[in-house]
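Structure at a glance
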Amino acid sequence: MQTAKPKETPDTNTALRQQLLDLLRGGQAHTTFDEAVKDFPADLRGAVPPNLPYSAWQLLEHLRIALHDIFLFSAPPTGGYQPMQWPEDYWPKSQQPPTPQAWDQSIAAFRMDMKRFEALIEKPDTDLFKPFRWGDGQNLLREALLVADHTAYHLGELVVVRRILGIWHK
């Protein structure tokens, strides 16, 4: 006996998914991630400009850590989500990258997690509005907006750091 094949329905949220992806990728009203980190001089990555609380390294690493955490929270759980402690787990203590390679590794990890997060949104069978079984009613739409807002905010700070350090050439 054959089982009935589920009826396929078109994704009614295609336009919304594309708008979310465009927002996450930046370049509309905001600078892109790649523009903000491009050609950042190694000797200035740990510099904290006067009257600002963070170095470029701390901002970059905070962006990476927060995106990774939001991705893990948003992806279907494989071993259960483990919440982090705010703010200590989200901000690096050191103003300086720990190794010469750390800056590029952080950029690569951010890009990888963003691609993985975007893949969640691109799946037409993923319900953007359905609350996760875990959490307090969050859904993928809310988390996508959170990622876009959080990333844009801190990229703006990174641009300010670059301007103060005299290395913003846009």
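Structure shown above.
Let me sum up the structure you'll find in this document.

Let us now look at the packing of helix α1 (residues 14-25) against helix α5 (residues 140-165). Each pair of packed helices can be summarised by the angle the axes make with each other and by the distance between the axes. Packing of α1 against α5 leaves a shortest axis separation of 8 Å and a crossing angle of 25°. Put simply, α1 runs roughly parallel to α5. With respect to the hand of their crossing, α1 and α5 are arranged in left-handed fashion. In contact with Leu-20, Leu-23 and Leu-24 of α1, α5 contributes Leu-141, Ala-144, Leu-145, Val-147 and Ala-148. For the contact of α1 with α5, the class distribution of residues is 8 nonpolar, no polar and no charged.

Counted according to the given criterion, the structure contains 6 salt bridges. A salt bridge links Arg-116 to Asp-113; the shortest N-O distance between them is 3.1 Å. A residue pair is termed a helical-turn pair when its members lie 3 or 4 positions apart in one helix, as Arg-116 and Asp-113 do in helix α4 (residues 102-122) at 3 residues. Relative accessible area serves as the criterion here: at 33%, Arg-116 is assigned to the partly exposed category. Note that Arg-142 is salt-bridged to Glu-143, the shortest N-O span being 2.4 Å. Looking at Arg-142, the relative accessible area reads 41%, which means it is partly exposed. Using a relative accessible area of 3% as the deciding quantity, one classes Glu-143 as buried. Salt bridges sharing partners connect three or more residues here, namely Arg-25, Glu-118 and Glu-122.

Attention now moves to the packing of α1 against α4. Where α1 meets α4, the closest approach of the two axes is 9 Å, and the angle between their N-to-C directions is 165°. Here α4 runs roughly antiparallel to α1, going by the angle between their axes. In the packing of α1 onto α4, the handedness of the crossing is right-handed. Counting all contacts with α1, which are made through Arg-17, Leu-20, Leu-21, Leu-24 and Arg-25, the residues of α4 involved are Met-114, Phe-117, Glu-118, Ile-121 and Glu-122. Residues belonging to the contact of α1 with α4 are distributed by class as follows: 6 nonpolar, no polar and 4 charged.

Before going further, it helps to examine unusual backbone geometry. In the segment running from Trp-86 into Pro-87, the intervening peptide bond is cis, with an omega of -5°. If you trace the backbone, Pro-87 turns up in the loop between α3 (56-74) and α4. Residues other than glycine seldom take positive phi values, yet Asp-39 does so here, at roughly 55°. Summarising the element assignment, Asp-39 is placed in the loop between α2 (33-37) and α3. Taking relative accessible area as the criterion, Asp-39 reaches 63% and is therefore assigned exposed.

This part covers the nonpolar core. Trp-103, Phe-117, Ile-121 and Leu-158 are the most contacted members of the largest nonpolar core, which has 41 residues in total. Breaking this core down by element, the ones donating at least two residues are α1, α2, α3, α4 and α5. Considering each element in turn, this core owes the most residues, 11 residues, to α3. Excluding its chain neighbours within four sequence positions, the residues that come into contact with Trp-103 are Val-37, Phe-40, Arg-45, Ala-56, Trp-57 and Leu-60.

Before going further, it helps to examine the packing of aromatic side chains. Applying the stated rule across the entire model yields 7 aromatic pairs. Their ring planes at 10° and their centres at 3.9 Å tell us that Tyr-54 and Trp-91 sit as a pair that is stacked. You can see Tyr-54 sitting in the loop between α2 and α3 and its partner Trp-91 sitting in the loop between α3 and α4, a full 37 residues away along the chain. Note on Tyr-54: relative accessible area 25%, which makes it partly exposed. Given the relative accessible area of 13%, Trp-91 is considered buried. For the pair Phe-73 and Phe-132, a centre-to-centre distance of 5.6 Å together with 75° between the ring planes defines the contact as edge-to-face. Of this pair, Phe-73 sits in helix α3 while Phe-132 is found in the loop between α4 and α5, placing the two residues 59 residues apart along the sequence.

Cut-offs applied
Residues numbered from 1 in each chain as written. Predicted model: local features only at pLDDT ≥ 70, side-chain atom pairs only at ≥ 80, totals over all residues. Heavy atoms only, no water. Axes fitted to C-alpha atoms, helices over the stretch in contact; angles between N-to-C directions. Helix = DSSP H or I, 4+ residues; strand = E, 2+ residues; numbered from the N terminus. Parallel < 35°, antiparallel > 145°, perpendicular 65-115°, else oblique. Left-handed = near helix turned anticlockwise from the far one by under 90°. Contact = heavy atoms within 4.5 Å. Nonpolar A, V, L, I, M, F, W, Y, C, P; charged D, E, K, R; others polar. Salt bridge = Lys/Arg side-chain N within 4 Å of Asp/Glu carboxyl O. Buried < 20%, exposed > 50% of the residue type's maximum accessible area, 1.4 Å probe, protein only. Core = buried A, V, L, I, M, F, W, Y, C linked by side-chain atoms within 4.5 Å. Phe/Tyr/Trp six-rings, centres within 6.5 Å; stacked < 30°, edge-to-face > 60°.

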